[in-house]
Amino acid sequence: MVVGRIQREPIEVEPFLKSYDMGVGSIITFQGIVRKTESSRELEYLFYEAEEKLATEELTRLLTEAKEKFNLIDALAVHRIGIVNPGEISLLVVVNSGHRNEGFKACSFIVDAIKERLPIWKKDHFVDGEETWH
Amino acid sequence: MVVGRIQREPIEVEPFLKSYDMGVGSIITFQGIVRKTESSRELEYLFYEAEEKLATEELTRLLTEAKEKFNLIDALAVHRIGIVNPGEISLLVVVNSGHRNEGFKACSFIVDAIKERLPIWKKDHFVDGEETWH
Amino acid sequence: MKVHIKYYAKYADYAGTRMEDIETDIITLRDLLNIVRERHPKLKEDRRSLIAINDKFVGEEAQISDGATVSIFPPVSGG
Amino acid sequence: MKVHIKYYAKYADYAGTRMEDIETDIITLRDLLNIVRERHPKLKEDRRSLIAINDKFVGEEAQISDGATVSIFPPVSGG
């Protein structure tokens, strides 16, 4: 199964860990968490903007690539957009595979590809009022 | 934080994902799941035996090593023993770090070290009644 | 012909708008981008921008037709 | 002197017991292991076994004292 989603709501991890088929021997997850400080300055929140349609298409495409390349059973990813506060999840990737080696490689590949390929942009909002696009 | 645990009860993932400090930017988890088939034969369940005291000590030691080597914020692992049914979690590893690269390396290192170093042994119980120690 | 330009993220800040229409005779994306970058010079700060025409990613050699929507994206920074 | 031997996992199956006491005069682990392997020949199937004396992993050159508990572990297979 391949599921790629861009959403404004907080990301819940649990539902993604609950259902998998009996061939799965390894579940690897990555959660990107917004840190309280960025470049040693205190962050109030991050703001993510996306071209949602293209981002969803590209996410689905790269998950499908990863599923084939690494022989995965499931490749799932959710990217949050809008305001994301420190301590909250901005990105969740879940990789279900028969064995762990391909799972670790695939999870790392998917996170890298998301950061390189999805039309999503991040703006730091610092506690001191400054804003910076990445 | 370092937490290493050997337990007979089913492993709950959620509590391990809930609390982390504000320096955490990456959470990586590995779950080892018992598959329904082993060497193309249908499995009824796995039985894990451990030298619990030594296994817990060695687990804590290797997590502490990984925390220092990969500069982790938290290294957590739970290995289940006794009867584990297909679809259930036999091993959970959670790695909290500032950035993801060291997290992926650390998680993979910890899983490998657990399989190489912990005095834990696995016995396949097949549906046809046969039993095989690994 | 008329072309709709859409700006994303910091480019919307630089252009002062998320969308504008341009009346033009040019038909290659490269020439159109030159016009846009002269209009909003801060867009030149990135060596490469991602471009989509009618929601498909394209290279700078792409052709533009009347009524097209051209989306100009900064380098991505998600995750 | 008396030594307590503990067998784990498949070694308990091979020995037919999880624990047995051996009366012996020998004091090196290597010699003790030779006695144990003659008693339960299937233990020879692994080139290497992990050994602990009184819950500490040791090498085969270790010395044994009266009342010691010697644990013999098969190669590990957790995870």
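This one's a predicted model, so the numbers in the text were calculated from it and none came from an experiment.

1. So, the overall build of chain C
In step 1: Within chain C, the regular secondary structure consists of two helices and five strands.
In step 2: Sequence-ordered secondary structure for chain C, helices as α and strands as β, is β-α-β-α-β-β-β.
In step 3: Relative to its length of 79 residues, chain C is compact, with a C-alpha radius of gyration of 12 Å against a globular reference of 12 Å.
In step 4: Viewed in the frame of its principal axes, chain C has a C-alpha envelope of about 35 × 25 × 20 Å.
In step 5: Among the 79 residues that make up chain C, the fraction classed as buried is 47%.
In step 6: Restricting to contacts in chain C with at least 6 residues of sequence separation, those with at least 24 account for 53%.
In step 7: Side-chain charges in chain C split into 12 positive and 13 negative, and the spacing between the mean points of these groups amounts to 6 Å.

2. Some thoughts on the sheet that holds strand β3 (residues 50-53) of chain C
Residues and elements named next belong to chain C.
In step 1: Overall, mixed pairing links the five strands, which are arranged β2-β1-β5-β3-β4 in an open sheet. If you trace the sheet from one side to the other, it starts and ends with β2 (19-23) and β4 (56-58), each paired once. Averaged over all pairs of adjacent strands, the angle between strand axes in this sheet comes to 30 degrees, irrespective of strand direction.
In step 2: Here β3 runs beside strand β5 (residues 69-73); their pairing, made up of four bridges, is antiparallel. Across the sheet, residue A52 finds its bridge partner in β5, namely S71.

3. A few points about the relation of the copies chain A and chain B
In step 1: The two copies are related by a screw operation: chain A maps onto chain B through 180 degrees of rotation and 0.0 Å of translation along the axis, at an RMSD of 0.0 Å. What we have between these two chains is a two-fold relation. Within chain A, the C-alpha atom positioned nearest to the axis of rotation is that of A:T29, 2.6 Å from it.
In step 2: The share of interface residues of chain A whose copies in chain B are also at the interface is 100%, consistent with both copies meeting through the same surface.

4. With respect to the interface of chain A and chain B
In step 1: Each partner contributes to the interface: chain A provides 30 residues, whereas chain B provides 30 residues.
In step 2: Counting each side, the surface lost to burial between chain A and chain B is near 2700 Å², with a carbon and sulfur contribution of 54%.
In step 3: Between the two partners, chain A and chain B, sit four salt bridges.
In step 4: With its nearest N and O atoms 2.6 Å apart, the salt bridge here joins B:D112 to A:R100.

5. Description of the side chain of B:E51
In step 1: Along the polypeptide, B:E51 turns up in the loop between β4 (41-50) and α2 (52-69).
In step 2: Buried charged residue B:E51 carries no salt bridge. Nearest counter-charge: D:K6, at 4.4 Å.
In step 3: Only 3.2 Å separates the side chain of B:E51 from the side chain of D:Y8, close enough to count as a polar contact.

6. Some points on the environment of D:T69
In step 1: By the element assignment, D:T69 lies in strand β5 (residues 69-73).
In step 2: The spatial distance from the C-alpha of D:T69 to the C-alpha of D:H4 is 4.6 Å, given a sequence separation of 65 residues.

7. Focus: the sheet that holds strand β1 (residues 2-7) of chain A
In step 1: The sheet built from eight strands is open, its strands ordered β1(A)-β5(A)-β7(A)-β2(A)-β2(B)-β7(B)-β5(B)-β1(B) with mixed pairing. Looking along the sheet, the strands with just one partner apiece sit at the ends: β1 of chain A together with β1 (2-7) of chain B. Direction aside, neighbouring strands of the sheet carry axes that sit 5 degrees apart on average.
In step 2: Strands β1 and β5 (74-80) of chain B of the sheet are contacted by α2(B), whose axis makes an angle of about 155 degrees with β1(B).
In step 3: Its contacts with the sheet put helix α3 (residues 100-117) of chain B on β2 (26-33) of chain A together with β2 (26-33), β5 and β7 (89-97) of chain B, and the angle it makes with β7(B) is roughly 150 degrees.

8. A closer look at the packing of aromatic side chains
In step 1: On inspection of all chains with the given rule, the structure shows 14 aromatic pairs over all chains.
In step 2: Ring centres 4.7 Å apart and planes at 45 degrees place the aromatic pair C:Y8 and C:F73 in the tilted group. Of this pair, C:Y8 sits in the loop between β1 (2-7) and α1 (10-15) while C:F73 sits in strand β5, and the two are 65 residues apart along the sequence.
In step 3: For C:Y8, a relative accessible area of 7% gives the class buried.
In step 4: Classification of C:F73 as buried rests on a relative accessible area of 0%.
In step 5: Taken together, A:W121, C:Y8, C:F57 and C:F73 form an aromatic cluster joined through their ring pairs.
In step 6: The ring centre of B:F126 lies 3.9 Å from the NZ or CZ of B:R41, which sits over that ring.

Rules and cut-offs
- Residues numbered from 1 in each chain as written.
- Chains lettered and ligands numbered in written order.
- Predicted model: local features only at pLDDT ≥ 70, side-chain atom pairs only at ≥ 80, totals over all residues.
- Heavy atoms only, no water.
- Helix = DSSP H or I, 4+ residues; strand = E, 2+ residues; numbered from the N terminus.
- Rg over C-alpha atoms; globule rule 2.2 N^0.38 Å.
- Buried < 20%, exposed > 50% of the residue type's maximum accessible area, 1.4 Å probe, protein only.
- Contact = heavy atoms within 4.5 Å.
- Lys, Arg positive; Asp, Glu negative; His and termini not counted.
- Charge placed at Lys NZ, Arg CZ, Asp CG, Glu CD.
- Pairing = 2+ DSSP bridges.
- Axes fitted to C-alpha atoms, helices over the stretch in contact; angles between N-to-C directions.
- Least-squares fit on C-alpha atoms with pLDDT ≥ 70 in both.
- Buried area = accessible area lost by both parts, 1.4 Å probe.
- Salt bridge = Lys/Arg side-chain N within 4 Å of Asp/Glu carboxyl O.
- Polar contact = N/O pair within 3.5 Å; in protein donor to acceptor, adjacent residues only side chain to side chain.
- Phe/Tyr/Trp six-rings, centres within 6.5 Å; stacked < 30°, edge-to-face > 60°.
- Lys NZ or Arg CZ within 6 Å of the ring centre and 35° of its normal.

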